[in-house]
Every structure is written in C-alpha cells, then in structure tokens.
Amino acid sequence: MLVGFMGAGKSTVGRLLADRLGVDFIDTDHEIVRRTGRSIPDIFVADGPEKFRELEAEVVADVLATHSGIVALGGGAVTTADVRMALDAHRVFYLRVSAESGFARVRESDRPLLASDDPAERYRSLLAEREETYSAVARVEVDAHGDPDAVADLIILALADELTAGRTS
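For the chain, the name recorded in an unreviewed UniProt entry is Shikimate kinase, with Gordonia sputi NBRC 100414 as its organism. The Subcellular location (unreviewed entry) comment attached to the chain in UniProt states, word for word, "Cytoplasm".

## Regarding the nonpolar core
In terms of nonpolar packing, the biggest core is built from 50 residues, with Val3, Val13, Leu73, Leu87, Leu95, Tyr123 and Ile155 touching the most fellow members. When near neighbours in sequence (up to four residues on either side) are disregarded, Val3 contacts Lys10, Leu73, Val78, Leu87, Val92, Phe93, Tyr94, Leu95, Tyr134 and Val137.

## Details of the UniProt feature "binding site: substrate" (unreviewed entry) in the chain
Feature annotation in UniProt assigns "binding site: substrate" (unreviewed entry) to the following positions: Asp29, Arg53, Gly75 and Arg130. Counting through the fold element by element, Asp29 comes out in helix α2 (residues 28-36). A relative accessible area of 23% places Asp29 in the partly exposed class. In this view, Asp29 contacts Ile40, Phe52, Glu56 and Gly74; residues no more than four positions away in its chain are not counted. Examined against the element boundaries, Arg130 turns out to sit in helix α7 (residues 119-137). Not counting chain neighbours up to four residues away, the residues in contact with Arg130 comprise Phe5, Arg53, Gly75, Gly76, Thr79 and Leu113.

## A few points about the packing of α2 against helix α4 (residues 49-66)
How two helices pack is summed up by the angle between their axes together with the distance between the axes. Running from amino to carboxyl end, α2 crosses α4 at an angle of 105°, the nearest separation of the two axes being 10 Å. Between α2 and α4, the interaxial angle falls into the category roughly perpendicular. Where α2 abuts α4, its residues Thr28, Asp29, Glu31, Ile32, Arg35 and Thr36 lie against Phe52, Leu55, Glu56, Val59, Val60, Asp62 and Val63. Here the residues of the contact of α2 with α4 sort into six nonpolar, two polar and five charged.

## Things to note about the environment of Gly22
Relative to the assigned elements, Gly22 resides in the loop between α1 (10-21) and β2 (25-27). Taking the C-alpha atoms as reference points, Gly22 and Ile70, separated by 48 residues in sequence, lie 9.9 Å from one another.

## A look at the pairing of strand β4 (residues 93-96)
Every other side chain in a regular strand lies on the same face of the sheet, so the side chains alternate between the two faces. Across two bridges, strand β1 (residues 2-3) lies against β4 in parallel orientation. In the sheet register, Leu2 faces β4, and the bridge partner there is Phe93. Where β4 meets strand β5 (residues 140-143), four bridges bridge the pair, whose relative direction is parallel. In the sheet register, Tyr94 faces β5, and the bridge partner there is Glu141.

## Topic: the pattern of salt bridges
Enumeration according to the criterion identifies twelve salt bridges in this entry. For Arg35, the salt bridge identified is with Glu31, shortest N-O distance 2.8 Å. One end of the pair is Arg35 and the other is Glu31, both in helix α2 and four residues apart, which spans about a single turn. Residue Arg35 is classed as partly exposed on the basis of its relative accessible area, which comes to 39%. Look at Glu31 and you get buried, because its relative accessible area is 8%. Between Arg35 and Asp62 there is a salt bridge whose closest N-O contact spans 2.4 Å. Taken together, the residues Arg35 in helix α2 and Asp62 in helix α4 connect sequence positions 27 residues apart. Linked through salt bridges whose partners overlap, the residues forming this network are Glu31, Arg34, Arg35 and Asp62.

About the cut-offs
- Residues numbered from 1 in each chain as written.
- Predicted model: local features only at pLDDT ≥ 70, side-chain atom pairs only at ≥ 80, totals over all residues.
- Heavy atoms only, no water.
- UniProt positions renumbered as here; feature names shortened; annotations may be inferred.
- Core = buried A, V, L, I, M, F, W, Y, C linked by side-chain atoms within 4.5 Å.
- Buried < 20%, exposed > 50% of the residue type's maximum accessible area, 1.4 Å probe, protein only.
- Contact = heavy atoms within 4.5 Å.
- Helix = DSSP H or I, 4+ residues; strand = E, 2+ residues; numbered from the N terminus.
- Axes fitted to C-alpha atoms, helices over the stretch in contact; angles between N-to-C directions.
- Parallel < 35°, antiparallel > 145°, perpendicular 65-115°, else oblique.
- Nonpolar A, V, L, I, M, F, W, Y, C, P; charged D, E, K, R; others polar.
- Pairing = 2+ DSSP bridges.
- Salt bridge = Lys/Arg side-chain N within 4 Å of Asp/Glu carboxyl O.

Structural data, given as structure tokens:
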C-alpha cells in the first residue's frame with residue numbers, strides 16, 4: 001500500500017512497482033471514478049467532502065479485501081478512521097514529499113482541496129495536518145522527492161530487507 005499527500009507520486013511509483021514485481025496495480029481514486037462514473041472534483045462539489053470520504057472508505061475496504069497487488073490510496077484516505085484500521089493488516093509505505101516539491105507537481109491540477117486564494121499555502125497547511133497520520137499508518141517512510149524509478153527502487157530494497165529480516169528471525 002502506498003500512502004502520501006497529493007503530488008507524492010503514489011500512482012506513478014505504484015505502476016512502476018507493480019510492473020517490476022509482476023503484480024497488478026490499482027489506484028483507489030481511479031477506482032472511485034470507475035465505479036461512480038464521476039470525477040473526484042465532481043463528487044466533492046456535488047456531494048460534499050464527507051460523502052466522498054464515506055465512498056472512499058468503502059472502495060478502499062473493498063480493494064484491500066480483494067486486491068493482492070500494489071495499491072495507491074488517495075491522499076486523504078488516511079483521514080478516515082476505518083481506512084486507518086483497515087491498513088493495520090497491510091504493509092504500508094509512506095511516500096514523503098516536501099510542500100514545495102509536491103505543490104509543484106499538482107499546481108496545474110483541479111484539486112478541490114486546493115481551491116483557495118493561496119493554493120500553495122493551502123497545500124502546506126493540509127500536508128502539515130496529515131504528516132503525522134501518514135507516518136502512523138506506515139511501516140516504512142520513503143523520500144519521494146526524486147525520480148519515480150529511484151523511489152520504486154527504495155521500496156523494493158525495503159521489501160527485500162523485510163523479507164531477509166523475516167528469514168533470520
């Protein structure tokens with residue numbers, strides 16, 4: 001499972017990991033869009049953030065129960081207690097990104113949470129609010145500032161270390 005704030009590279013790194021490991025990849029944001037036939041900004045605006053989080057929690061629970069490959073969660077999924085509890089049984093990697101790097105990656109997108117007079121400040125504020133939660137649900141934190149291939153390599157090394165440690169204990 002990959003968690004992290006918007007712009008951390010969860011989808012990009014997730015696809016790379018899935019390809020390298022020979023497993024399937026699913027992005028829960030894309031799965032929400034597929035299941036509802038609506039964009040995430042549309043769901044946020046029409047139904048409100050609370051309804052979106054409820055829908056997201058349902059989709060995440062279903063994906064975690066049925067998918068055995070790499071899963072990238074939406075940036076706000078961990079703000080829901082049910083999602084955090086569901087993650088307890090999974091290997092979770094937090095893709096950590098600075099506010100500057102992450103915002104540079106999403107500045108041209110239509111992210112509903114960044115709709116404000118100062119989207120960069122809004123990004124910094126939301127990231128600061130969530131950092132502790134990302135850390136709390138993750139087994140491993142990975143610096144996601146670099147090239148996505150390098151980030152995927154770091155995760156594969158962490159997986160190998162975990163497997164090696166499991167054999168020696």
